[in-house]
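# Chain and residue survey
One letter stands for each residue in the lines below.
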Amino acid sequence: MTPVARQEVLGLYRRIFRIAKKWQSASGQMEDTIKEKQYIINEAKTLFQKNKDLTDPELIKQCIEECKARVEVGLHYHIPYPRPIHLPPLGLAPQRGRAFRNQEKLRKLSKPAYLRSYDEVS
C-alpha cells in the first residue's frame, strides 16, 4: 500500500469512528442510538480487518470508494445500514445456461458501490 493510500485509509477509519461517536438515531431513542453506534463500529472493524492485507492498488481504490459512498449515504439518509436496492428477480432465466450467467453478471454489475462488500460480510 502506498503511503498516500495508507493515509487516506487511516483518515477514513478515524472519520468513521468520529461519526459513530456523535451518531444520533433518527428515532431519537437512546437504545436505538446505542445499537446504531455499535453497528457502525462493528461494521467498520470487520471490513477494515478483512481488507487489511490487500496489496492491489485497484482493489484498495475500490474499497476506499465503497467506504466513502457508505459514509455519505449513511449521513445523507441518517441510517447506518446499507440502503436496499431493488433488482429484478432471477426467475426469468433458466437456472443453467448462457442467459442465467448473463443475468447474474448484469446483477453484479448493477450493484451500487456502497453494497459491494455487504453480502460478503453479512
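The sections below set out a description of the structure shown in this document. (Residues numbered from 1 in each chain as written. Predicted model: local features only at pLDDT ≥ 70, side-chain atom pairs only at ≥ 80, totals over all residues. Heavy atoms only, no water.)

## Observations concerning the packing of aromatic side chains
Taken as a whole and assessed by the stated rule, the structure comprises three aromatic pairs. Consider the rings of Tyr 39 and Tyr 81, whose centres lie 4.6 Å apart with planes at 55°: the pair is tilted. With Tyr 39 in helix H2 (residues 30-50) and Tyr 81 in the loop between helix H3 (57-77) and helix H4 (98-109), the pair connects residues that are 42 residues apart, well separated along the chain. The class for Tyr 81 is partly exposed, based on a relative accessible area of 36%. (Phe/Tyr/Trp six-rings, centres within 6.5 Å; stacked < 30°, edge-to-face > 60°. Helix = DSSP H or I, 4+ residues; strand = E, 2+ residues; numbered from the N terminus. Buried < 20%, exposed > 50% of the residue type's maximum accessible area, 1.4 Å probe, protein only.)

## Observations concerning the environment of Trp 23
You can see Trp 23 is positioned in the loop between helix H1 (3-22) and H2. The class for Trp 23 is buried, based on a relative accessible area of 5%. C-alpha of Trp 23 to C-alpha of Glu 36: the two residues are 13 residues apart in sequence and 7.9 Å apart in space. Not counting residues up to four positions away in its chain, the partners in contact with Trp 23 are Thr 33, Glu 36, Lys 37, Ile 40, Gly 74, Leu 75, His 78, Ile 79 and Pro 80. Here the side chain of Trp 23 touches Glu 36 through a polar contact of 2.7 Å, side chain to side chain. (Contact = heavy atoms within 4.5 Å. Polar contact = N/O pair within 3.5 Å; in protein donor to acceptor, adjacent residues only side chain to side chain.)

## What about H1?
Here H1 is 20 residues long and its end C-alpha atoms lie 29 Å apart, about the 28 Å a rise of 1.5 Å per residue gives. Where H1 is concerned, the buried positions are Ala 5, Val 9, Leu 12, Ile 16, Ile 19 and Ala 20. Taken around the axis of H1, the buried residues stretch over an arc of 100°, which confines them to a single face. Relative to its buried face, H1 has exposed residues pointing more than 90 degrees away, namely Pro 3, Val 4, Gln 7, Lys 21 and Lys 22. Contacts from the buried residues of H1 go to H2 and H3. (Expected span 1.5 Å × (residues − 1). Arc of directions from axis to C-beta.)

## Side note on the layout of surface pockets
Its boundaries defined by the atoms lining it, the largest pocket holds a volume of some 720 Å³. The wall of the largest pocket is formed by 34 residues, among which Ile 16, Ala 44, Leu 47, Phe 48 and Cys 67 lie closest to the centre. Ranked by residue count, the leading element in the lining of the largest pocket is H3, at 10 residues. Partitioning the lining of the largest pocket into residue classes produces 26 nonpolar, three polar and five charged. (1 Å grid on protein atoms, 1.4 Å probe; cavity = no way out; pocket = protein on both sides within 12 Å on 5 of 7 lines; lining within 4 Å. Points joined across faces, edges and corners; volume = space filled by probe spheres on them. Nonpolar A, V, L, I, M, F, W, Y, C, P; charged D, E, K, R; others polar.)

That's the geometry; what it means functionally is another story.
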